[in-house]
Amino acid sequence: LMWPCAIMNQIGHAIALQGRQISLFRRLGQLEDEEGYCAQCIGCCIQCIRCLSCNQLGGGNIKAKTDLTDAAIAFMNFMNSEVNFDIVLSDIYVAFKLLDRKQREVRYKLSKQARMDKKQTDKCEMGEGEDESNNNNTSSPIDAVNFSVNYADILNRRVLSANDETDMHLLRQGALYSQYAQGIYELYPRALLQAGLLDGGWDGLYSPWKPGDQHSLLSTFRLTEFGFPSTALVYANFTNKVIATPYCILLDEIERTLVVVIRGSVTLEDLVTDLQWSAIELNRVGERVGFDGRGKYGHRGMLTNSKWIYNDIHRRKIVFDVLRDDRSNPHRDYNLVITGHSLGGGCAAMLAIMFKPMYPNVKCYAFCPPGCTVSMNLATECDDFITSFVVGNDIIPRMRGENIEMLRYDFLEMLARIKVSKITAFRDSRYPCRNKDLEVRNKRILYARDDIPITEYYQKLVSFRQNRELVFDQLSPVDTRLQVPGRLIHLIRFGDDANNRYLPYYKSRMLREIHVCLDSMKDHSIKNLSVVLPKIVSEYENSSTTVSNDDVDDISVQSENSFGGDFTEEPWFVTFSFPHGLVASFVPTLLAVAAVCFSVIGNNTCTLFERKITDRPSYNMTDLESYEIIAGVSYGLYVYGIQYRDEVDEFYTTQCKPYPSHVVNDDYVKAARGFSAIALVIGFPIVLLLCLTSCMKLGGRTVRVMSTLLMLVATCQLMILVFLNSERCVDNPNPVDSSYLQSQFVWAKCALHTGKYVIIASVLWSLVAVTLGFSSRLSLVEARLRFASMSLSSATTTK
């Protein structure tokens, strides 16, 4: 991969040089301001995505210059730096790989510390979590931009208890409303379209409810096919624009709630709404709906869409009519619940804040909401009626300006911390590492933060950090920084992939670190969340007592997997990474390929065994000019041959042909063929799997099973020699055509000719099995030699 990186680096330098020489703004002559040009560039990228998706993702209503201003300003502020670090693509690859491994080390240490803390703390003590939720200090040191993660905040959490009714109520409600949040994406609009009830297609309207007419509830669409026969869909508006988000209103007769469900991001218009992340004060909105919004801020795009939903509900008067305080109204004691996922979760939190003065009992369940929804002071005020659920390493609740700045600084700092050559770090980063070896491996590659040598690059980095701290504090004051709304429940994964389980924690809303791992987007899926929450509720309801401290201790250690990467191993497939070691991967593969070649050749040749004529040779008189002597017969598993000796030219030749149809195969021949088939059927897939060991790591059980099967292959390959006991090797060689036999011969017994290939193949299969069985020890020896050479190289470099 070094060559492609070098080539792309040269291309990048050429483009940068060309950009310095020619002013793109003057050349285009379209926009005078840089922000407008950047917004237009982002809009062009979005339109390219629209074209590539054949307009399936929308994007036709986007106005780049007005809708993408926030994204353009944020991008330019992020990229605006006079410091040139001269980084190439290979630096980016190595830095991110080492950053991922360093994050794994920190999380592993935190998990062990959490286990010790839980041994000393009674799980029934809830006071610390309540004090945290009531903290209204917006100028907390946590908010200061110091480009380092406050890991003590990560440990500030407690497990939800199965014996606490409040905890169980939150989990049950979350499990229920996550099903509704999933249905708004595709299930409900598709069902309405199939039933012919949605006017206007996918962006249509469904409004069977008639204000003042309670009997109109009987004609509403029921969610029976989705497992909720007591839930009615009373209204749905699937209009999708930059300022409008699809939502629906459900009437749950069992929970006695009126549920407003808001859809998350699906189209490019939703993406533009997400990118409108500037903080806007809520004083004008508060004056209209009845709360004090002075000094409180929210996400501009989510606030705009929430106001659109609020106005649409107010115009339709569905919520007010269903929940009106009238004795004749059977739904007057129903409660209002607002829920949504992703963008819908942020809009749901905003809408709940707007409905709070009118409906004091309103509740909001936001699933994986963006990390830049509301300001800290407003987020803490919403703890009593807004609950946010976050799964594992989900990147969306961590998308905040501070976190992005910290990720960039950690990345740049990682290049300064490398103490070995780049090629050594490149190779070591591709070599998988176990959890218990993370600290040792990282110490051999990286300097500690306090021991970074003062180089020209590091001096640039220090200057860059100081400058970015000042700029960021000016552009984003502490009071305007946005957070996850309400009380945060973090679902942390523990166990292996085969038994994927989650443990719910009350956690500080400050999700500080963006994790460099593949699970960052996978954990954001609403489908995953709608399965996880009911599973947690089921496990909690089936447990009669609270989990003991020791159990929680073990779970917390394993659950750190969900903090940002798989603790078991690195990405399962890395090209030519040799996770078992070069020797343990290459040697068994080479021997196995050779064994397959010998097996295939031996099984398809006609000279596997030969049987000579010892007396009275026969002459073939078909050729009048010369004659040939039949010297013997050779046998294979599926073909045979007749050996001739030409008396004139004095050389032997063998003519191969399939066995005649009249030849009857005895049990020994059938057994030999069966053993050869078994050897290839089992051996060939194992060879293919061995070829992949240069790119992926196999588990210990898999290796043991493969070693056992290879010994079986070696045995079956050797059992082909039972052919020597067949009738054609002991009695009359019946396959030989009688037209070639003009006298009675005296035949010798069969002997090995190329049948030695069978023995060689069997020996090779045995060597593969033995080598594979001891592959772990070979990997350990090779790793020790590798580490010793790296230490020696590092010591030499230091001197």
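Residues numbered from 1 in each chain as written. Predicted model: local features only at pLDDT ≥ 70, side-chain atom pairs only at ≥ 80, totals over all residues. Heavy atoms only, no water.

## What to know about helix α25 (residues 667–691)
Then step 1. Relative to the 36 Å expected for 25 residues at 1.5 Å per residue, α25 spans 36 Å between its end C-alpha atoms, a close match to the ideal helical length.
Then step 2. Those residues of α25 hidden inside the fold are in contact with α24 (582–604), α26 (700–718), α27 (727–730) and α28 (756–773). (Helix = DSSP H or I, 4+ residues; strand = E, 2+ residues; numbered from the N terminus. Expected span 1.5 Å × (residues − 1). Contact = heavy atoms within 4.5 Å.)

## Brief notes about the environment of Phe464
Then step 1. With respect to the helices, strands and loops of the structure, Phe464 is situated in helix α20 (residues 456–475).
Then step 2. Given a relative accessible area of 5%, Phe464 falls into the buried group.
Then step 3. Each C-alpha atom, one on Phe464 and one on Tyr409, is 9.0 Å from the other, the two residues being 55 residues apart in sequence. (Buried < 20%, exposed > 50% of the residue type's maximum accessible area, 1.4 Å probe, protein only.)

## A closer look at unusual backbone geometry
Then step 1. Positioned with a positive phi, Arg256 is a non-glycine residue whose angle comes to about 55°.
Then step 2. Checked against the element boundaries, Arg256 lands in the loop between β5 (247–252) and β6 (257–262).
Then step 3. Residue classification places Arg256 among the partly exposed positions, given a relative accessible area of 34%.
Then step 4. A positive phi angle, near 50°, is found at Cys368, a position not held by glycine.
Then step 5. As for its position among the elements, Cys368 is in the loop between β10 (363–367) and β11 (374–375).
Then step 6. Residue Cys368 is classed as buried on the basis of its relative accessible area of 0%.

## Observations regarding the side chain of Asn603
Then step 1. Turning to its location among the elements, Asn603 is positioned in helix α24.
Then step 2. With residues near it in sequence (within four places) discarded, Asn603 still touches Leu637, Tyr638, Ser676, Leu680, Gln717 and Ile720.

## Some details on the pattern of salt bridges
Then step 1. In the structure shown here, the tally under the stated rule is 23 salt bridges.
Then step 2. Between Glu253 and Arg222 there is a salt bridge, with its nearest N and O atoms 3.1 Å apart. Taken as a pair, Glu253 in the loop between β5 and β6 and Arg222 in strand β3 (residues 221–223) lie far apart in primary sequence, 31 residues in all.
Then step 3. Several salt bridges converge on common partners, so that one network encompasses Arg101, Asp428 and Arg441. (Salt bridge = Lys/Arg side-chain N within 4 Å of Asp/Glu carboxyl O.)

## Focus on the packing of helix α13 (residues 300–316) against helix α15 (residues 343–355)
Then step 1. One way to put it is that α13 packs onto α15 with a least axis distance of 9 Å and a crossing angle of 60°. Taken together, the axes of α13 and α15 are oblique relative to one another. Both α13 and α15 take part in a crossing whose hand is right-handed. Of the residues in α15, those in contact with Met302, Leu303, Asn305, Ser306, Lys307, Ile309, Tyr310 and Ile313 of α13 are Leu343, Gly346, Cys347, Met350, Leu351, Met354 and Phe355.
Then step 2. Taken together, the residues of the contact of α13 with α15 break down into 11 nonpolar, three polar and one charged. (Axes fitted to C-alpha atoms, helices over the stretch in contact; angles between N-to-C directions. Parallel < 35°, antiparallel > 145°, perpendicular 65-115°, else oblique. Left-handed = near helix turned anticlockwise from the far one by under 90°. Nonpolar A, V, L, I, M, F, W, Y, C, P; charged D, E, K, R; others polar.)

## Here's the deal with the state of the cysteines
Then step 1. For the structure on display, the rule yields one disulfide.
Then step 2. Covalent S-S linkage joins Cys606 and Cys656, the inter-sulfur distance amounting to 1.8 Å. On the criterion of sequence distance, the pair formed by Cys606 in the loop between α24 and β16 (609–615) and Cys656 in strand β20 (residues 651–658) is long-range, its members being 50 residues apart.
Then step 3. You can call Cys606 buried: its relative accessible area is 4%.
Then step 4. Taking relative accessible area as the criterion, Cys656 reaches 47% and is therefore assigned partly exposed.
Then step 5. Cysteine Cys48 remains unbridged, with the sulfur of Cys45 as its closest cysteine sulfur at 6.2 Å.
Then step 6. Judged by its relative accessible area of 46%, Cys48 is partly exposed. (Disulfide = S-S within 2.5 Å.)

## Describing the environment of Cys41
Then step 1. With respect to the helices and strands, the residue Cys41 is situated in helix α3 (residues 34–52).
Then step 2. Classification of Cys41 by relative accessible area gives partly exposed; the value is 33%.
Then step 3. Remark: the alpha-carbon pair of Cys41 and Lys65, spanning 24 residues in sequence, is separated by 9.7 Å.

## Concerning the confidence of the model for the protein chain
Then step 1. When pLDDT is averaged along the protein chain, the result is 77; 75% of the residues meet or exceed 70.
Then step 2. Confidence drops under pLDDT 50 across residues 618–627; counting only partners more than four residues distant or on other chains, this segment forms 19 contacts.
Then step 3. Low pLDDT, under 50, characterises residues 735–743; the stretch is placed with 24 contacts to residues that sit more than four places away or in other chains. (pLDDT = per-residue confidence, 0-100.)

## Topic: the packing of aromatic side chains
Then step 1. Under the criterion given, the structure shown has 15 aromatic pairs.
Then step 2. An angle of 55° between the planes, with centres 5.9 Å apart, marks the rings of Tyr177 and Tyr180 as tilted. Within this pair, Tyr177 and its partner Tyr180 are both found in helix α9 (residues 165–183), separated by three residues, close to a single helical turn.
Then step 3. The exposure class of Tyr177 is buried, given its relative accessible area of 0%.
Then step 4. On the basis of an interplanar angle of 55° and a centroid distance of 5.8 Å, the ring pair of Tyr235 and Tyr247 is categorised as tilted. Linking Tyr235 in strand β4 (residues 228–237) with Tyr247 in strand β5, this pair joins segments that are 12 residues apart in sequence. With respect to burial, Tyr235 and Tyr247 carry one shared label: buried.
Then step 5. In this structure, Arg487 is placed above the aromatic ring of Tyr506, and the distance from its NZ or CZ to the ring centre is 4.7 Å. (Phe/Tyr/Trp six-rings, centres within 6.5 Å; stacked < 30°, edge-to-face > 60°. Lys NZ or Arg CZ within 6 Å of the ring centre and 35° of its normal.)

## Topic: the packing of α24 against α25
Then step 1. Where α24 meets α25, the closest approach of the two axes is 10 Å, and the angle between their N-to-C directions is 150°. Considering the angle they form, α24 stands roughly antiparallel to α25. Crossing geometry of α24 relative to α25 is assigned as left-handed. Counted together, Pro588, Thr589, Ala592, Val593, Val596, Ser599, Val600 and Asn603 of α24 and Ser676, Leu680, Phe684, Val687, Leu690 and Cys691 of α25 form the full contact between these two elements.
Then step 2. Residues belonging to the contact of α24 with α25 are distributed by class as follows: 10 nonpolar, four polar and no charged.

## As for the pairing of strand β9 (residues 335–341)
Looking along a regular strand, one sees side chains alternate from face to face of the sheet.
Then step 1. Burial analysis of β9 places six of its seven residues in the buried class, which makes it a mostly covered element.
Then step 2. Where β6 lies against β9, six bridges are found, and the strand directions are parallel. Across the sheet, Ile262 pairs through a bridge with Gly340, a residue of β9.
Then step 3. Sheet topology note: the β9/β10 ladder contains five bridges and is parallel. Considered in β10, the bridge of Gly340 is made with Ala366.
Then step 4. Crossover connection from β9 via α15 to parallel β10: handedness right-handed. (Pairing = 2+ DSSP bridges. Right-handed = clockwise from strand over helix to strand, strands pointing away.)

## So, the pairing of strand β12 (residues 386–391)
Then step 1. Burial analysis of β12 places six of its six residues in the buried class, which makes it a mostly covered element.
Then step 2. Both faces of β12 are covered, namely the face carrying Ile386, Ser388 and Val390 and the face carrying Thr387, Phe389 and Val391.
Then step 3. Where β10 meets β12, four bridges bridge the pair, whose relative direction is parallel. Bridged to Ala366 within β12 is Ser388.

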